[in-house]
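# Understanding the architecture of this molecule
Spelled out from the first residue to the last, the chains are:
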Amino acid sequence: MIASLALAAAVFAAAPQAEARTDLLKPVSEPRIAVAILNCLVKNDGYLTACTVQDETPNDLGVGQAALSMVSQVQVDLLGPDGKSRAGSYIQVPVRIRIR
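Quick summary incoming for the structure in this document.

### Here we look at the overall build of the protein chain
- Secondary structure assignment for the protein chain yields two helices and three strands.
- Ordered by position in the sequence, the α and β elements of the protein chain form the string α-β-β-α-β.
- Counting only residues that meet the buried cut, the protein chain has 18% of its 100 residues in that class.
- Sequence-distant contacts, at least 24 apart, represent 64% of the contacts inside the protein chain between residues at least 6 apart.
- Summed over its atoms, the accessible surface of the protein chain is roughly 7600 Å², and 58% of this surface lies on carbon and sulfur atoms.

### With respect to the nonpolar core
- One finds Leu38, Cys40, Leu48, Val71, Ile91 and Val93 to be the most contacted residues of the largest nonpolar core, which totals 14 residues.
- Elements represented by at least two residues in this core include exactly β1 (32–42), β2 (48–57), α2 (63–70) and β3 (90–99).
- Of the residues forming this core, the biggest block, five residues, is contributed by β1.
- In contact with valine 93, not counting residues within four places along its chain, are Ala36, Ile37, Leu38, Cys40 and Leu48.

### What to know about the pairing of β2
- With seven bridges connecting them, β1 and β2 associate as antiparallel partners. Looking across to β2, one finds that alanine 36 is bridged to glutamate 56.
- Between the antiparallel neighbours β1 and β2 lie five residues, among them glycine 46 with a positive phi of about 95°.

Cut-offs and rules
Residues numbered from 1 in each chain as written. Predicted model: local features only at pLDDT ≥ 70, side-chain atom pairs only at ≥ 80, totals over all residues. Heavy atoms only, no water. Helix = DSSP H or I, 4+ residues; strand = E, 2+ residues; numbered from the N terminus. Buried < 20%, exposed > 50% of the residue type's maximum accessible area, 1.4 Å probe, protein only. Contact = heavy atoms within 4.5 Å. Areas by Shrake-Rupley, 256 points an atom, 1.4 Å probe, with all protein chains shown as cover. Core = buried A, V, L, I, M, F, W, Y, C linked by side-chain atoms within 4.5 Å. Pairing = 2+ DSSP bridges.

Listed below in structure tokens is the structure:
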């Protein structure tokens, strides 16, 4: 009898925690958009290097740091809109991150 009461108390105490965890899995109606603007040097192969965060919004989520960690995988077209090579020049790279 004592063991069953203790088990029932443990199950009852664990139930609210399980509800709290499932609340985290509910989708948000509108995802938030975070934006970072990076200033990067274009290498001869089109990959970016020497990037710095020029701006980030919102500034309290670490979006700039996240963008910096991803930008090493970005390769841009070496020819700019004016037909000139971008190699060796700095460009602004906007990075948008959707937060659910």
